[in-house]
Amino acid sequence: ALGIFFAQDWGLRLVSLFLWILFSNQIYSQRLRLDLKNWAVFTQLPFDPLRLLFMEISLPVVGSILVNWMALWLISRSLSAIQSIGMAILIPGLILGMALTTTWDIVRQCQSDSLLAGVVPGADVWSFVVGAIGILIPIGMFAWMVSSRVFLPWPYLGALFLNLIILAGLSWLVKNSYRNIQ
């Protein structure tokens, strides 16, 4: 997380971002995969399985948000107040999008027969590709609006709006992929 904020060159920032995506995929998928290994028990619980699915990614998401806010706080002295606030607003949506992408990637590969046998697929390259696209679209929108000299709150609001659309689409993908397992 620190490399994304501290890197002076955009190339290094992209490398840091891609490494963050790879490591985040592992963190977001760990608890989910443990629960899916116990598929027979997981489906028998008297709770909504989709709600449990989203709860399993909530703790790593909150932890990742806090770590990224800490990194932003460390770099905030070199940013203006509006930039720090805008980035602090965008971070939770970007992280939740990455977690939903990882969840979707694992759930879309699941088959009930293999889950009953305790075999749970891991995140593959689609998680990385879709996660990178989901992060780069709002950041690209933000960068384009800033370079076009748009009034300062609008780039953050535009990126936040795009991020919300991406989150809604990813939630829909996770729900449909989970329903296809059963």
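None of the values given here were measured: they were computed from a predicted structure.

S.K.: Could you clarify how one ought to interpret the packing of aromatic side chains in this entry?
M.R.: Think of a pair of aromatic rings as described by two things: how far the centres are apart, and how the planes are tilted against each other in angle. Under the criterion given, the structure shown has two aromatic pairs. With a centroid separation of 5.4 Å and an interplanar angle of 55°, the aromatic rings of Phe-18 and Phe-128 are classed as tilted. Of this pair, Phe-18 sits in helix H2 (residues 10-37) while Phe-128 is found in helix H7 (residues 125-147), placing the two residues 110 residues apart along the sequence. For Phe-18, a relative accessible area of 29% puts it in the partly exposed group. Classification of Phe-128 as partly exposed rests on a relative accessible area of 23%. Sitting above the plane of the Trp-104 ring, Arg-108 keeps its charged end 5.2 Å from the centroid.

S.K.: Can you walk me through the confidence of the model for the protein chain in this structure?
M.R.: Interpretation of this model should avoid reading the predicted coordinates in detail wherever pLDDT is low. The predicted model of the protein chain averages 82 in pLDDT, with 95% of residues at 70 or higher. The lowest-confidence element of the protein chain is helix H1 (residues 2-6), averaging 67 in pLDDT; the highest-confidence one is helix H4 (residues 49-75), averaging 87.

S.K.: Got a minute to help me understand the packing of H2 against helix H5 (residues 81-109) in this structure?
M.R.: Packed helices, taken two at a time, are described by the angle their axes make and the gap between the axes. Closest axis-to-axis distance for the H2/H5 pair is 9 Å, and the angle between their directions is 55°. In terms of orientation, H2 and H5 fall into the oblique class. Seen from above, H2 lies across H5 with right-handed handedness. Packed against H2, whose contacting residues are Trp-20, Ile-21, Ser-24, Asn-25, Tyr-28, Ser-29, Leu-32, Arg-33 and Leu-36, the element H5 presents Ile-95, Met-98, Ala-99, Thr-102, Thr-103 and Ile-106 at the interface. Split by residue class, the contact of H2 with H5 holds nine nonpolar, five polar and one charged.

S.K.: Please clarify how the side chain of Ser-64 should be interpreted in this entry.
M.R.: Here Ser-64 lies in helix H4. For Ser-64, a relative accessible area of 12% gives the class buried. Reaching out from Ser-64, the side chain makes a polar contact with the side chain of Tyr-28 at a distance of 3.1 Å. Those residues in contact with Ser-64 that lie beyond four places of it in its chain are Trp-20, Tyr-28 and Ile-95.

S.K.: Help me understand the pattern of salt bridges in this model?
M.R.: It is possible for side chains bearing opposite charge to pair when their charged atoms get close. The final tally for this structure, using the stated rule, is three salt bridges. Its salt-bridge partner being Arg-108, residue Asp-105 comes within 2.9 Å of it at the nearest N-O pair. Of this pair, Asp-105 and Arg-108 both sit in helix H5, three residues apart, which is roughly one turn of the helix. Among the residues examined, Arg-108 registers a relative accessible area of 32% and is labelled partly exposed. In this structure, Asp-124 engages Arg-108 in a salt bridge whose closest nitrogen and oxygen atoms are separated by 3.2 Å.

S.K.: Which parts of the structure should I look at to understand a nonpolar patch on the surface?
M.R.: A cluster of nonpolar side chains, Val-125, Trp-126, Val-129, Ile-133 and Ile-137, forms an exposed patch at the surface whose accessible area comes to about 450 Å². Among the secondary structure elements, Ile-133 is positioned in helix H7.

S.K.: Before we go on, may I ask you to explain the nonpolar core in this structure?
M.R.: In globular proteins that are soluble, nonpolar side chains generally tend to be buried together. Membership of the largest hydrophobic core comes to 36 residues, with the highest contact counts inside it found for Trp-20, Leu-36 and Tyr-178. Where this core is concerned, the elements lending two or more residues are H2, helix H3 (39-44), H4, H5, H7 and helix H8 (153-181). Looking at this core, the element that brings in the most residues is H5, giving nine residues. The residues touching Leu-36, leaving out its near neighbours within four places in the chain, are Ile-106, Cys-110, Leu-115 and Val-120.

Cut-offs used in this document
Residues numbered from 1 in each chain as written. Predicted model: local features only at pLDDT ≥ 70, side-chain atom pairs only at ≥ 80, totals over all residues. Heavy atoms only, no water. Phe/Tyr/Trp six-rings, centres within 6.5 Å; stacked < 30°, edge-to-face > 60°. Helix = DSSP H or I, 4+ residues; strand = E, 2+ residues; numbered from the N terminus. Buried < 20%, exposed > 50% of the residue type's maximum accessible area, 1.4 Å probe, protein only. Lys NZ or Arg CZ within 6 Å of the ring centre and 35° of its normal. pLDDT = per-residue confidence, 0-100. Axes fitted to C-alpha atoms, helices over the stretch in contact; angles between N-to-C directions. Parallel < 35°, antiparallel > 145°, perpendicular 65-115°, else oblique. Left-handed = near helix turned anticlockwise from the far one by under 90°. Contact = heavy atoms within 4.5 Å. Nonpolar A, V, L, I, M, F, W, Y, C, P; charged D, E, K, R; others polar. Polar contact = N/O pair within 3.5 Å; in protein donor to acceptor, adjacent residues only side chain to side chain. Salt bridge = Lys/Arg side-chain N within 4 Å of Asp/Glu carboxyl O. Patch = residues over 30% accessible without salt bridge, like charges linked within 9 Å, V, L, I, M, F, W, Y side chains within 5 Å. Areas by Shrake-Rupley, 256 points an atom, 1.4 Å probe, with all protein chains shown as cover. Core = buried A, V, L, I, M, F, W, Y, C linked by side-chain atoms within 4.5 Å.

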